[in-house]
Amino acid sequence: MKTKTALTYDRPNGYEKLPPAEAKKLESYCADYLGFLGAAKTEREAHDQAVALLRGAGFRDLDELVAAGAKLSPGDKVYRGCGGKALLAAILGRRPLEQGLRIVGAHTDSPRLDVKQNPLYESGELALLDTHYYGGIKKYQWVAVPLALHGVFVKPDGRKIAVRVGEEPGDPVFCITDLLPHLGREQMRKTMSEAIEGENLDVLVGSVPSRDKKAKERIKLRVLELLRQRYGITEEDFLSAELEFVPAGAPREAGFDRSLVIGYGQDDRVCAYAALRALLELPGTPERASCVLLCDKEEIGSHGATGMESNFLENSVGEMLALCGGAYSELSLKRALSASGMLSADVNAAFDPLFAGVSEKKNAALLNHGVCMSKYTGVGGKSGASDAGAEFVAEIRRIFSEHGVAWQAAELGKVDQGGGGTIALLLARYGMNVVDCGTPLLSMHAPWEVAGKFDVYMTYKGYSAFLRD
Ligand code: MN
Ligand code: MN
């Protein structure tokens, strides 16, 4: 936030100019965010939490409205789920959909360890569950820390059995063992990517034999006995299950000054929650339809029915068009999408003084300097970037300035250091304006990621401003 007349541009720490009333709102928002983050540790949980909030605020299931042959009018609030994982929510605007939507799109999947289809085995008098990691992880970070198990078993008759173990006080947790340093000489000579092998990310889940003395593999059997007692499942039911090991425990405040949030899965639930809250609190009927997208599978390339590569958005906007009175046509859908503007709501890397060499400081996001806008992402010579137009960046600048949103422009790391991508390019192909805009994080993709509360709050303020403008 600078004065319009200043010749030079500098980015102040957000706390320098934070009025007390705003500081209070910031703390209250962050407390709510901590609650959501702790309750939504998987994409399924994020979907369910979001649907509960949306229904509470009067949003109606679009598929039910379609089935009932309902009509939609300006101000109507709808949501549509996909596979229990991806979600779209929208408030219809005064203008017709063909004139474009305002979209904030985030993702709700995070790196973790997925349980394999044939996971359970016994070795060395211990029972273990074999996993396959999901997303970009540093494998060494996942050993010797408490893990919780979240997910579902789905029976052939369609019955779903939810699992959530390791989060409540008194719950057991799980862990992957690591080698003691005394015997780790060989391991310590390996590179960090080789020291812990992906195939060895197997989780310790039991050590007591079954009472059935005649059985083979009695420790494995004991685990199955307990699972049958608690969930009514058999070993075969792992075949149709989606179980995820995530770091156990609730997110919390960090730092003597409590200015930070440490928690699992802030990439990208920090943006997902901000987008959701911005939509839930949108007053009245917006000029253009306001839309929030919470998608899945971003961390593994956005493929699959619940990922952003799917037709979920077009299909859903098509359904909305069909309920809005006018006749649906492919052309009106194309017009609606290409006339839209979107914030690709995903996190960025915050400057870390311990690893200063990977950043170019004047173009790196600084913690507590506001929500971060990245005109482009990509690798090497911007490869894979959708590179937002300066015109759209200028429009967002205007909106943020008018609504008192503290923001900063940043790249992910210095040139040729590495790089990354988001869902931005998947939306840009419709011809819509898209720019990346999200919260800077420290330790991104680690079991415990760190965000600055000021940035968490400004992310929400930024998305609110964008949807309201
Ligand atoms: Mn992300
Ligand atoms: Mn990520």
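Because the structure is predicted, anything quoted here is derived from the model rather than measured. (Residues numbered from 1 in each chain as written. Chains lettered and ligands numbered in written order. Predicted model: local features only at pLDDT ≥ 70, side-chain atom pairs only at ≥ 80, totals over all residues. Heavy atoms only, no water.)

A.B. asks: Is there a simple way to think about the layout of surface pockets in this case?
C.D. replies: Using a probe with the size of a water molecule, rolled over the atoms, empty space left in the structure can be pinpointed. There is about 1200 Å³ of room inside the largest pocket. If you trace the largest pocket, you find 45 residues lining it, with Ala349, Leu412, Ser443, Met444 and His445 closest to the centre. The set of elements that each furnish at least two residues to the lining of the largest pocket consists of strand S15 (348-349), strand S16 (371-374), strand S19 (419-420), helix H11 (424-428), strand S20 (433-438) and strand S21 (440-442). Tallying contributions element by element places S20 first for the lining of the largest pocket, with three residues. Its residues assigned to classes, the lining of the largest pocket comprises 18 nonpolar, 19 polar and eight charged. Here the lining of the largest pocket spans two domains, since at least three of its residues come from each of domain 1 (14-110 + 264-468) and domain 2 (113-247). (1 Å grid on protein atoms, 1.4 Å probe; cavity = no way out; pocket = protein on both sides within 12 Å on 5 of 7 lines; lining within 4 Å. Points joined across faces, edges and corners; volume = space filled by probe spheres on them. Helix = DSSP H or I, 4+ residues; strand = E, 2+ residues; numbered from the N terminus. Nonpolar A, V, L, I, M, F, W, Y, C, P; charged D, E, K, R; others polar. Domains from an automatic or database assignment.)

A.B. asks: I tried to follow the coordination of the manganese ion (ligand 1) on my own but got confused; where do I start?
C.D. replies: The textbook angles at a metal center are 109.5 degrees for a tetrahedron of four donors and 90 or 180 degrees for an octahedron of six. Around the manganese ion (ligand 1), the protein contributes the donor atoms His107 (NE2), Asp267 (OD), Asp346 (OD) and Asp346 (OD), at 2.2 to 2.5 Å from the metal centre. Ordering the donors of the manganese ion (ligand 1) by residue number gives the pattern H-x159-D-x78-D. (Donors = N, O, S within 2.8 Å, 3.2 Å for Na, K, Ca; no water.)

A.B. asks: How should helix H8 (residues 312-323) be read in this particular structure?
C.D. replies: Helical geometry: 3.6 residues make up each α-helical turn, so side chains three or four residues apart lie on a common side. In this model, H8 (12 residues) spans 17 Å end to end at C-alpha, consistent with the 16 Å of a helix rising 1.5 Å per residue. Taken together, the buried positions of H8 are Phe312, Leu313, Ser316, Val317, Gly318, Met320, Leu321 and Leu323. Looking one or two residues beyond H8, the residue adopting positive phi is Gly325, at roughly 100 degrees. (Expected span 1.5 Å × (residues − 1). Buried < 20%, exposed > 50% of the residue type's maximum accessible area, 1.4 Å probe, protein only.)

A.B. asks: I would appreciate a short explanation of the packing of aromatic side chains in the present structure.
C.D. replies: The geometry of an aromatic ring pair is captured by two quantities: the separation of the ring centres and the angle between the planes. Enumeration according to the criterion identifies 12 aromatic pairs in this entry. Considering the side-chain rings of Phe153 and Tyr231, the 6.4 Å spacing of their centres and the 40 degrees angle between planes classify their relative orientation as tilted. Of this pair, Phe153 sits in strand S7 (residues 147-154) while Tyr231 is found in helix H6 (residues 218-231), placing the two residues 78 residues apart along the sequence. Across the pair, exposure class does not vary: Phe153 and Tyr231 are buried alike. Through a chain of ring-to-ring contacts, three or more aromatic side chains come together here, namely Tyr29, Tyr33, Phe36, Tyr273, Tyr457 and Tyr460. Here the basic side chain of Arg112 rests over the ring of Tyr134, its NZ or CZ set 3.5 Å away from the ring centre. A cation sits over an aromatic face here: Arg277 above Tyr460, 5.6 Å from the ring centre. (Phe/Tyr/Trp six-rings, centres within 6.5 Å; stacked < 30°, edge-to-face > 60°. Lys NZ or Arg CZ within 6 Å of the ring centre and 35° of its normal.)

A.B. asks: What's the story with the domain arrangement of the protein chain in this structure? I'm lost.
C.D. replies: A common measure of how large an interface is: the accessible area buried when the components associate. Segmenting the protein chain into domains produces domain 1 (14-110 + 264-468) and domain 2 (113-247). Summarising the inter-unit geometry, the C-alpha centres of domain 1 and domain 2 are found 33 Å apart. If you look at the interface, domain 1 gives 20 residues, while domain 2 gives 14 residues. Both sides of the domain 1 and domain 2 interface together cover about 1400 Å² of buried area, and 50% of this is carbon and sulfur. Among the residues of domain 1 in contact with domain 2, Lys41, Arg44 and Pro447 are the three that bury the most area, contributing 35% of the side total. For the interface between domain 1 and domain 2, the tally reads four salt bridges. The partner of Lys85 in a salt bridge is Glu242, with the nearest N and O atoms 2.9 Å apart. Remark: the boundary between domain 1 and domain 2 carries 10 residue pairs in polar contact (both at pLDDT 80 or more). The set of elements that each furnish at least two residues to the side of domain 1 that touches domain 2 consists of helix H1 (20-39) and helix H2 (43-56). Along the lines of polarity and charge, the residues of the side of domain 1 that touches domain 2 split into six nonpolar, four polar and 10 charged. (Contact = heavy atoms within 4.5 Å. Buried area = accessible area lost by both parts, 1.4 Å probe. Salt bridge = Lys/Arg side-chain N within 4 Å of Asp/Glu carboxyl O. Polar contact = N/O pair within 3.5 Å; in protein donor to acceptor, adjacent residues only side chain to side chain.)

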